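Coordinate analysis (summary)
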Amino acid sequence: MASKLETPVLVQTQLFSEMEDTYKKTTDRTSTFVDNMKLPVHRWFRFSAGFSAEWVKEVVKSFKDNNQIVLFDPFAGSGTTVLAGEECGVKSYGIESHPFVVRVAKAKLLWYEDPLDFKNFATRVLTHARNLNEPSDQYNTLVDKCYSKDNLNELDKLKKSWIHYNDGSAISELTWIALVGILRATAAAGTAPWQYVLPRKVKKVNIRPYDAFKRQIDMMFDDMIYFQRYVKQPRGVIYEDDARTCSKIEDDSIDLIVTSPPYTNNYDYADATRLELSFFGEIKGWGDLQDKIRSHLIRSCSQHMISKNDDLNEILNDSNLTPIIDELRSVCEELGKERLLHGGKKNYHLMIAAYFSDLAKTWIALRRVCRDNSNICFVIGDSAPYGVHVPVDRWLGELAVAAGFKSYYFEKTRDRNIKWKNRKHKIPLHEGRLWIKG
Ligand SMILES: C[S@@+](CC[C@H](N)C(=O)[O-])C[C@H]1O[C@@H](n2cnc3c(N)ncnc32)[C@H](O)[C@@H]1O
């Protein structure tokens, strides 16, 4: 059973400075989650904002050498870095501030629980659901639009049955993630590339929830056995915490950071989980996303910023921004003028200022938790809202040095915005790794 999951692990022991050539040669997929959908445990939840676990393992192994290191991801997302660290046998910490995403990541770290206990519990939930004879709960319009009546009825019973058995145990939490893991597959609605649900885009394949849940249980059971055979010791911890303070992480405790912060590309992490949050009744509608989710996150999309409450000068009046303030102010002012020429009037000028203010705080927190001579890799991309270029990697590098790190270097892995004819602007963009020496 587990052997069919065995994939040869790519081991590379290149040094920091030698990595560049290797990565440049390939069509780079290391900053995407796609390949994780084949990997045990990583595949329990598709998080489109995630990056490649195999790549993280290569990085960890290249720094691990013969010494034990402590790994950290301040923007842990669905837990890719922490799980990959466990696979490499290193102590790994992660923090994530999105309340739903952090719950997913924590549930994945429960792979060391007894697989049979999990299977029995989850099967009880399924059997009880099949026998329930109650009318379905009322759901919000989004949920109603996303599912056929029959599928929503089965999902509703699975949810009620899980609530009935939920005792707060680890096994119950694993069963929760099994249910979360089938919500997209059983929806009739398609999704945009970034997992925003699109109720009007109807999917052809429509899988029944009871069948999908059974398959998810079997897959998770196999993955738990696989991890227990090959990983053996759970060495990862994920906290709900804010990267701007890293309050749960001790001073001088970290040797290596592999992470990907939110990009300034207007991706709304709150909206991306709207279907799941709505199904579990954690939000009633789009309006709840601001208080319940966005308020916890780095301000990386224009939906975070409300012009009547946020003032550009006030945001820029942050002494942490001194190293980049002249360039930042000029970009924000240009964006302020540009918005008046566009229908949507998006608050990119406020968002860009707030983003760098948030990231400057993050570097200060990271300086506190990192040991001397630590290494940091930020997977990051630049952006050009309204066609105004924001040199994200250089500005982040400068803020890191101002926070007390020794040096930065950007390794480009791919070009973006060069292919499509209908793109909104013609500024060539790139994505890559910002390496920081500490
Ligand atoms: C690019 S994703 C990271 C994905 C991760 N590498 C993975 O493979 O799943 C960035 C993450 O940062 C989280 N985030 C945003 N603001 C944060 C904050 N202030 N503190 C901690 N995490 C935050 C977002 O919720 C999102 O999950």
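Going by the structure above, here's the rest.
Everything numeric in this text was worked out from a predicted model, so none of it was measured.

Side note on the overall build of the protein
Along its length, the protein carries 15 helices and nine strands. Relative to its length of 438 residues, the protein is compact, with a C-alpha radius of gyration of 22 Å against a globular reference of 22 Å. C-alpha extents for the protein along the principal axes are approximately 65 × 55 × 40 Å. By the burial criterion, 57% of the 438 residues in the protein qualify as buried. By element, 50% of the accessible surface of the protein is carried by carbon and sulfur atoms, the whole surface being about 19,300 Å². Charge-centre separation for the protein: the mean point of 62 positive side chains lies 6 Å from the mean point of 58 negative side chains.

What about the site of the ligand?
The full set close to the ligand counts 24 residues, and S78, T80, E96, D242 and A243 are the nearest of them. At a separation of 3.1 Å, an oxygen atom of the ligand approaches a polar backbone atom of F51. Here E96 contributes a side-chain N or O atom positioned 2.6 Å from an oxygen atom of the ligand. Protein chains bury 99% of the 610 Å² of accessible surface belonging to the ligand in isolation.

Things to note about the pairing of strand 9 (residues 429-437)
Every regular strand shows the same layout, with side chains that alternate between the two sheet faces. By the criterion of burial, strand 9 is predominantly enclosed, with eight of the nine residues buried. As paired strands, strand 7 (residues 370-381) and strand 9 are joined by seven bridges and run antiparallel to one another. Across the sheet, residue N375 finds its bridge partner in strand 9, namely K437.

Points about the pattern of salt bridges
All chains considered together, the criterion is met by 23 salt bridges. Notably, a salt bridge pairs K119 with D218, separated by 3.4 Å at the nearest N-O pair. Pair noted here: K119 is in helix 5 (residues 115-131) and D218 is in helix 9 (residues 209-230), with a separation of 99 residues, a long-range link. Overall, K119 belongs to the partly exposed group, its relative accessible area being 23%. Look at D218 and you get partly exposed, because its relative accessible area is 25%. Here R244 and D358 are joined by a salt bridge, their closest N and O atoms 3.2 Å apart. Of this pair, R244 sits in the loop between strand 5 (236-240) and strand 6 (254-259) while D358 sits in helix 14 (residues 348-369); the two residues are 114 residues apart in sequence, bridging distant segments of the chain.

Some remarks on unusual backbone geometry
At V41, a position not held by glycine, the phi torsion is positive, near 65 degrees. The topology assignment puts V41 in the loop between helix 1 (19-25) and helix 2 (53-64). Residue classification places V41 among the buried residues on the basis of a relative accessible area of 0%. Unlike most non-glycine residues, C246 shows phi in positive territory, near 50 degrees.

Brief notes about the packing of helix 7 (residues 149-165) against helix 9
The description of two helices packed together rests on the angle between their axes and the distance between the axes. At a minimum axis distance of 8 Å, the contact between helix 7 and helix 9 shows a crossing angle of 50 degrees. With respect to helix 9, the element helix 7 is oriented oblique. Residues N151, E154, L155, K157 and L158 of helix 7 form the contact with helix 9, whose own contacting residues are P209, Y210 and F213. Considering only residue class, the contact of helix 7 with helix 9 consists of five nonpolar, one polar and two charged.

Describing the packing of helix 4 (residues 99-108) against helix 8 (residues 170-180)
Put simply, helix 4 and helix 8 touch, their axes get as near as 9 Å, and they point 120 degrees apart. The angle between the axes of helix 4 and helix 8 places the two elements in the oblique class. Crossing geometry of helix 4 relative to helix 8 is assigned as left-handed. On helix 8, the residues touching F100, R103, V104, A107 and K108 of helix 4 are E173, L174, W176, I177 and V180. Grouping the amino acids of the contact of helix 4 with helix 8 by side-chain chemistry returns seven nonpolar, no polar and three charged.

What counts, and at which threshold
- Residues numbered from 1 in each chain as written.
- Predicted model: local features only at pLDDT ≥ 70, side-chain atom pairs only at ≥ 80, totals over all residues.
- Heavy atoms only, no water.
- Helix = DSSP H or I, 4+ residues; strand = E, 2+ residues; numbered from the N terminus.
- Rg over C-alpha atoms; globule rule 2.2 N^0.38 Å.
- Buried < 20%, exposed > 50% of the residue type's maximum accessible area, 1.4 Å probe, protein only.
- Areas by Shrake-Rupley, 256 points an atom, 1.4 Å probe, with all protein chains shown as cover.
- Lys, Arg positive; Asp, Glu negative; His and termini not counted.
- Charge placed at Lys NZ, Arg CZ, Asp CG, Glu CD.
- Near = heavy atom within 4 Å.
- Polar contact = N/O pair within 3.5 Å; in protein donor to acceptor, adjacent residues only side chain to side chain.
- Pairing = 2+ DSSP bridges.
- Salt bridge = Lys/Arg side-chain N within 4 Å of Asp/Glu carboxyl O.
- Axes fitted to C-alpha atoms, helices over the stretch in contact; angles between N-to-C directions.
- Parallel < 35°, antiparallel > 145°, perpendicular 65-115°, else oblique.
- Contact = heavy atoms within 4.5 Å.
- Nonpolar A, V, L, I, M, F, W, Y, C, P; charged D, E, K, R; others polar.
- Left-handed = near helix turned anticlockwise from the far one by under 90°.

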